[in-house]
Every structure is written in structure tokens, then in C-alpha cells.
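The chain contents come next:
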Amino acid sequence: QFMANSVWPFLTLNDFVDERLDPWKSTDAALKKLTDNYNVFNDWLLAIGAYNCGVGAMNKAIKKAGGVKDFWYLAEKGFLSKQTADYVPKLLAITDLAINSEYYGIDIPDHKEEFELLENEKNGNFDYVTVNKAYSITQLAQEMRMDVDTLKRLNPSFTMGMTHPSKQSEIRLPLGMKQSAEDALAGMTAVEFPIKYTVV
């Protein structure tokens, strides 16, 4: 849920990379942001509400309420926007449904069943390789003789289909394929910027 103006310092967003699209990195960033919010308010409901509206907006709401640091009070008395006032109870309801799915008669896939869908069935672990130039994800997959869509799915933050041309980039790989990637990269030519086209 990170907006473009609130990604720093949790995620990278530039012309070549949008880490908001990466479920692994965006989940880690969300947990860090929530923890930061909790350290500000010392209250999880306020921290979650601030995740939706922003720390500044939550502080303004508390100030308008005379310093009352109670989410339910702020929501019921109209100190919070409707979106934020609804956000926290919706999240709590979803949590309750997930934890007590059997009681509510809801069929939620088992954790072990979900793991079968991962690229790596053993704990969802990955290998990583770091590069400092622009390399095509498609070409890398082809050089490694692996499915292009799989490598792209593991690296959704590379919005131009390549790593950043001048900053360090980390490429996520299926477990056990680091050496294969390093060998492939050693034989690849980085994409030059500005891109030069040859007319024939």
C-alpha cells in the first residue's frame, strides 16, 4: 500500500525499479513500517491506522481530539477519515476469519498446501546474485536455460525488464541456481545506456 511519496526508506522506486511490485520486499517493508508506527504510538491499532492514513495525519487526529490516543474514540468521534476508520476493523475482521476459519465454515488453503505452489518447496528459500549494471532478465533466464516467466515472477520489481544500469541490483533465483546465474552473467554483455540502436 506504499504511495510513491512514502516508499523511502523502506523500498526503492525509480525509473528502473519499483519494489512495491515485489511481494517479498513489500511485505518486509510493511512490517518495518508498522513497527516504526508502533514505536511512535505504542498502540497497535493506532499504528495500523497510521499505516493507512500516515503518521502525520494520525498525529493531527490525536491533537484535534485533545491528545486522546484511542483508535476507537478517534474513529467514532469523526477525527479520522472514513477510509482509515473502516480500515482497522476490516483488517481485524479478516484476521478473525483467517484464525477461526473452521468456526465460520470458510475453506482456507492449508499452509503446507500453499508451499507446494512455491518455486522452492523447502521453506520458500531463494538464492541471490548481485550485479552493478543493467542485465536483461529474459536473456539471463535463456542463458540459464530456465523458464523466462519464472525468473520474471521472482523479480517483479524490475519494471524495464532489466536490472538498474548504475546501482546495485539483487536478482532473486530459485534455490541452488546461484552458480548457474553467475556463469551466465559472466558471458553476458550489460545493456548500455543510453541505448544505442543500429539502423541496417
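The model shown is predicted, which means the values in this text are computed figures rather than measured ones.

Reading guide: rules and limits
- Residues numbered from 1 in each chain as written.
- Predicted model: local features only at pLDDT ≥ 70, side-chain atom pairs only at ≥ 80, totals over all residues.
- Heavy atoms only, no water.
- pLDDT = per-residue confidence, 0-100.
- Helix = DSSP H or I, 4+ residues; strand = E, 2+ residues; numbered from the N terminus.
- Salt bridge = Lys/Arg side-chain N within 4 Å of Asp/Glu carboxyl O.
- Buried < 20%, exposed > 50% of the residue type's maximum accessible area, 1.4 Å probe, protein only.
- Contact = heavy atoms within 4.5 Å.
- Core = buried A, V, L, I, M, F, W, Y, C linked by side-chain atoms within 4.5 Å.

Undergrad: When you look at the confidence of the model for the protein chain in this model, what are you seeing that I'm missing?
TA: Should the pLDDT be low somewhere, the predicted coordinates at that spot are not to be read in detail. Residues with a pLDDT of 70 or more make up 89% of the protein chain, whose mean pLDDT is 90. When mean pLDDT is compared element by element in the protein chain, helix α4 (residues 71-76) scores highest at 98, while helix α7 (residues 111-115) scores lowest at 55.

Undergrad: Would you mind showing me how to read the pattern of salt bridges here?
TA: Pairs can form between side chains of opposite charge whenever their charged atoms are close. Tallied over the full model, the rule gives 4 salt bridges. Of the charged contacts in the structure, one is a salt bridge between D22 and R172, with a shortest N-O distance of 2.9 Å. Of this pair, D22 sits in the segment before α1 (23-41) while R172 sits in strand β2 (residues 169-174), and the two are 150 residues apart along the sequence. We note that D22, like R172, is buried.

Undergrad: Mind showing me how you'd approach the environment of A47 here?
TA: If you trace the backbone, A47 turns up in helix α2 (residues 44-53). Distance in space between the C-alpha atoms of A47 and T35 is 7.8 Å, their sequence separation being 12 residues. Not counting residues within four places of it along the chain, the set of residues in contact with A47 comprises L34, N37, Y38 and F41.

Undergrad: Got a minute to help me understand the nonpolar core in this structure?
TA: Generally speaking, soluble globular proteins have nonpolar side chains that are buried together. Core analysis: the largest hydrophobic core is formed by 19 residues, its most contacted members being L140, M144, L151, I171, L173 and L185. Of all the secondary-structure elements, those providing two or more residues to this core are β1 (126-131), α8 (137-144), β2 and α10 (178-186). For this core, the leading source of residues is α8, giving 4 residues. Setting aside residues no more than four positions away along its own chain, L151 makes contact with I137, L140, A141, M146, R172 and L173. Counting 14 residues, the second largest nonpolar core, distinct from the first, contains M58, I62, A65 and L80.

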